[in-house]
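A structural walkthrough
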Amino acid sequence: TGLFSMPSEKDRQFCEQAMEAVGIEHLRAKYCNQLSGGELQMVLIARALCSQPRMLILDEPESNLDFRNQLIILETIHRLAKTNGLCCIFNTHYPAHALRISDTSLILSRSGESICGQSETVINAKTMEDIFQVHVDILHASYKGVHYHAVTAVSLAHE
């Protein structure tokens, strides 16, 4: 809407659809200063969906959130991509999060090096050491038939 305009009925419908898509209908009557960090992040995602984008670009959407809210954000992004066919691009400092929900990953270094490809192929111990100069351990686990990865930096790589 413009600076002095009011939302139309169609705008309100888009808003309702966006709240439903991210599962925040229960927050409808709350002010932003009454929301947790995870709830606010979900509201911001819903707000972006109101414009019915074909692509959603998120800047560290799970940062500064507790484990539960990180999972809610990640599962929402994954569901929007898989169920709604929305192209979701997000940057993260958590390689395990990329492994959890991303088909493709792009790893960038401060020196300008990059590697792009299938997430499970490019996020590995050698790449992490080469790009970030750290030794990592990547643990594989399963829970209820779903496979997960835990990526832990264990030491600095000394030259």
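See above for the structure.
Residue numbers here run from 1 along each chain, matching the order of that chain's written sequence. Reporting of local features is limited, given that this is a predicted model, to residues whose pLDDT is at least 70; pairs of side-chain atoms are given and counted only at 80 or more, and all residues count toward the totals for whole chains, interfaces and linings. Side-chain measures were taken over the full set of non-hydrogen atoms in the model, leaving aside hydrogen atoms and water.

Digging into the overall build of the protein
Labels follow the DSSP assignment, with helices taken as runs of H or I lasting at least four residues and strands as runs of E lasting at least two, numbered in each case from the N terminus. Scanning the protein from N- to C-terminus turns up 6 helices and 6 strands. Written out in order from the N terminus, the α and β elements of the protein read α-α-β-α-β-α-β-β-α-α-β-β. Principal-axis analysis of the C-alpha atoms places the extent of the protein at approximately 60 × 35 × 30 Å. With a 1.4 Å probe rolled over the protein chains alone, any residue whose accessible area is under 20% of its type maximum counts as buried; one over 50% counts as exposed, and the rest are partly exposed. Put simply, the protein has 159 residues, and 32% of those count as buried. Here, residues are in contact when the closest pair of their heavy atoms is within 4.5 Å. Put simply, 41% of the contacts in the protein that link residues at least 6 apart link residues at least 24 apart. When the accessible surface of the protein is summed, it comes to about 11,000 Å², and 54% of that surface belongs to carbon and sulfur atoms. Looking at charge distribution, the protein has the averaged site of its 13 positive side-chain charges lying 8 Å from that of its 18 negative ones. Methods summary: accessible areas were calculated by the Shrake-Rupley approach with a probe of 1.4 Å, and residue burial reflects only the protein chains presented. In summary, the charge assignment counts Lys and Arg as positive and Asp and Glu as negative, without counting His or the chain termini. By convention, the point assigned to a charge is CZ for Arg, NZ for Lys, CD for Glu and CG for Asp.

Here we look at the environment of Leu27
Of note, Leu27 is situated in the loop between helix 1 (9–22) and helix 2 (37–49). By relative accessible area, Leu27 is classed as buried at 7%. Taking C-alpha positions, Leu27 is 9.6 Å from Leu40, a pair spaced 13 residues apart along the chain. Setting aside anything within four residues of it in sequence, one finds Leu27 in contact with Leu35, Glu39 and Val43.

Some words on the pairing of strand 3 (residues 104–108)
Here strand 3 shows one buried face, formed by Ser105 and Ile107, and one open face, formed by Thr104, Leu106 and Leu108. Strand direction decides the pairing type here: strand 3 and strand 4 (residues 114–118), joined by 5 bridges, are antiparallel. Across the sheet, Leu108 pairs through a bridge with Ser114, a residue of strand 4. The antiparallel hairpin formed by strand 3 and strand 4 contains 5 residues in its connecting segment, where Gly112 sits at a positive phi of about 100°. Any two strands between which DSSP finds at least two bridges are classified as paired.

Here's the deal with the packing of helix 1 against helix 2
Axis definition: a line fit to C-alpha positions, over the contact stretch in the case of helices; interaxial angles, taken between N-to-C directions, run 0 to 180 degrees. Here helix 1 crosses helix 2 at 135°, and the two axes come no closer than 8 Å. When the axis of helix 1 is compared with that of helix 2, the two are oblique. Of the two possible hands of crossing, helix 1 and helix 2 adopt the one that is right-handed. Listed contacts from helix 2 to Ala18, Met19, Ala21 and Val22 of helix 1 are Met42, Ile45, Ala46 and Leu49. The residue inventory of the contact of helix 1 with helix 2, partitioned by class, reads 8 nonpolar, no polar and no charged. In these notes the angle categories are as follows: under 35 degrees is roughly parallel, over 145 is roughly antiparallel, 65 to 115 is roughly perpendicular, and the rest is oblique. For any helix crossing, the convention is left-handed if the near helix is rotated counterclockwise from the far helix by under a right angle, and right-handed if that rotation is clockwise. We call Asp, Glu, Lys and Arg charged. Ala, Val, Leu, Ile, Met, Phe, Trp, Tyr, Cys and Pro are nonpolar, and the rest, Gly among them, are polar.

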